[in-house]
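Structural characterization, general
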Amino acid sequence: MIYLADTADIQALKDLYDFFPLTGVTTNPTILKQSGLKLSEAIQNIIDIVGRGSVHVQVMSNKAEEMVKEAKTYKSYFNLGDNFYAKIPISIEGYKAMRILKDAGVNVTATAIFTQQQALVASRAGADFVAPYVSRLDNISSHGIEVVGDIVKNTKEFKLDTKVLAASFKTVDQIHRVSMAGAQSATINPELLFQLIKHPMTDISIAQFEKDGEGLYNIF
Ligand SMILES: O=P(O)(O)OC[C@H]1O[C@](O)(CO)[C@@H](O)[C@@H]1O
C-alpha cells in the first residue's frame with residue numbers, strides 16, 4: 001500500500017514530507033475550506049512541496065462537460081502533466097466525464113464511493129483510482145473495510161488497472177485493516193499519518209539503547 005497525504009495544511013505537509021515516504025496529496029473542497037486557502041494558492045504550495053508526487057484535485061462542477069473543462073484547466077494551469085489526477089465524484093455526469101477525461105489523457109480519481117458497484121463502474125469508465133470512504137461507511141452502520149475488500153477483490157479477479165485509494169479514516173486500526181485487505185493506496189490526514197508510526201514500546205526501547213550505549217561508541 002502506498003501513502004498519500006489528505007490535506008491542504010501546508011505546514012503539516014512540509015513536516016510530513018521531511019521524512020514520510022508519501023507518493024502524493026489529495027484535496028477536496030472541504031479540505032480547501034479548512035486550509036483557508038484558495039485553490040490556486042493551496043495547490044501551488046502543495047506542488048512546491050511534493051515535487052513529482054501525484055496531486056489529486058477535485059472538480060466543483062456537476063455537469064460532465066464542465067467537469068472536463070475544469071480538470072483540463074487545472075492540469076495545464078499547474079503544469080502537472082501525468083502527476084495530475086482529476087477527482088470526479090460519482091454521478092451519471094461524473095461517469096460521463098471520467099470516460100471523456102481518460103480518452104483525453106487526463107488521469108482520474110473517482111471519489112465519494114460507498115459501494116463496490118460504484119467502484120466497478122468507475123473502473124470500467126477508466127478511473128485510475130477509486131476512493132471508497134471508510135469512516136463515512138462505518139458511521140452509517142455499514143462496513144467500510146468490507147467495501148474496500150470487495151473492491152480490491154474485483155480489481156484482482158477482473159485484472160483491472162484501477163487501484164483502490166482508501167479514504168476517510170478516523171483511526172489507525174482502519175488503516176491497518178485496509179492495508180490487510182490489499183488496498184493499493186490510502187490517503188490519510190497528517191494527524192493519523194504521524195500516529196501510524198508511533199508506539200510507546202518503540203520509545204521505551206530507543207530510550208534504553210541511548211542509555212546503554214552512552215560512552216561505548218568511540219569511533220568518530
Ligand atoms: O470522511 P472524510 O474524513 O471527510 O474523508 C473523505 C475523504 O475522501 C477524499 O475526498 C478522497 O480522496 C479525501 O480527500 C477525503 O478526506
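Per an unreviewed UniProt entry, the chain is named Fructose-6-phosphate aldolase 2, and its organism is Draconibacterium orientale. You can read under Subcellular location (unreviewed entry) in the UniProt record for the chain the words "Cytoplasm".

**Let's talk about helix α11 (residues 200-213)**
Between its first and last C-alpha atoms α11 spans 20 Å; for 14 residues at 1.5 Å apiece the expected length is 20 Å, and the two agree. G215 occupies a position one or two residues after α11 and carries a positive phi of about 80 degrees.

**Some remarks on the pairing of strand β8 (residues 185-188)**
The alternating pattern of β8 places S185 and T187 on one face and A186 and I188 on the opposite face, and all of these are buried. In this sheet, β8 lies alongside strand β1 (residues 2-6) in parallel orientation, the contact comprising 4 bridges. Paired with A5 across the bridge in β8 is I188. Tracing the backbone out of strand β7 (residues 163-166), into helix α9 (residues 172-180) and back to the parallel element β8 gives a crossover that is right-handed.

**Considerations on the sheet that holds strand β4 (residues 84-89)**
The 8 strands are arranged β1-β2-β3-β4-β5-β6-β7-β8 in a closed barrel whose pairing can be described as parallel. Across this sheet, the average inter-strand angle for adjacent strands is 25 degrees, counted without regard to direction. Against the sheet, helix α3 (residues 39-50) contacts β2 (22-26) and β3 (54-58), and its axis sits at roughly 165 degrees relative to β3.

**Considering the pattern of salt bridges**
Inspection of every chain in the model, using the stated rule, returns 4 salt bridges. Note that K153 and E157 form a salt bridge whose closest N and O atoms lie 4.0 Å from each other. One end of the pair, K153, and the other, E157, are both in helix α8 (residues 144-157), 4 residues apart, so they sit about a helical turn from each other. In this structure K153 comes out as partly exposed when scored by relative accessible area, which is 48%. Here D173 ties to R177 by a salt bridge, and the two come within 2.7 Å at their closest N and O atoms. Of the two residues, D173 and R177 are both situated in helix α9; the distance of 4 residues between them amounts to about one turn of the helix. Judged by relative accessible area, D173 falls into the partly exposed class, the value being 39%. Judged by relative accessible area, R177 falls into the partly exposed class, the value being 45%.

**Remarks on the nonpolar core**
Formed by 58 residues in total, the largest nonpolar core has its most connected members in I46, I88, M98, V130 and F169. Not counting residues within four places of it along the chain, the set of residues in contact with I88 comprises V59, M67, G94, A97, M98, L101, V108, T109, A110 and T111. Counting 7 residues, the second largest nonpolar core, distinct from the first, contains L4, A131, Y133 and L165.

**Some remarks on the packing of helix α6 (residues 116-124) against α8**
Where α6 meets α8, the axes come as close as 9 Å, and the angle between the chain directions of the two elements is 35 degrees. Crossing of α6 against α8: the hand is right-handed. Judged by residue contacts, Q116, A119 and L120 of α6 engage V147, D150, I151 and N154 from α8. A class-by-class count of the residues in the contact of α6 with α8 yields 4 nonpolar, 2 polar and 1 charged.

Reading guide: rules and limits
Residues numbered from 1 in each chain as written. Predicted model: local features only at pLDDT ≥ 70, side-chain atom pairs only at ≥ 80, totals over all residues. Heavy atoms only, no water. UniProt positions renumbered as here; feature names shortened; annotations may be inferred. Helix = DSSP H or I, 4+ residues; strand = E, 2+ residues; numbered from the N terminus. Expected span 1.5 Å × (residues − 1). Buried < 20%, exposed > 50% of the residue type's maximum accessible area, 1.4 Å probe, protein only. Pairing = 2+ DSSP bridges. Right-handed = clockwise from strand over helix to strand, strands pointing away. Axes fitted to C-alpha atoms, helices over the stretch in contact; angles between N-to-C directions. Contact = heavy atoms within 4.5 Å. Salt bridge = Lys/Arg side-chain N within 4 Å of Asp/Glu carboxyl O. Core = buried A, V, L, I, M, F, W, Y, C linked by side-chain atoms within 4.5 Å. Left-handed = near helix turned anticlockwise from the far one by under 90°. Nonpolar A, V, L, I, M, F, W, Y, C, P; charged D, E, K, R; others polar.

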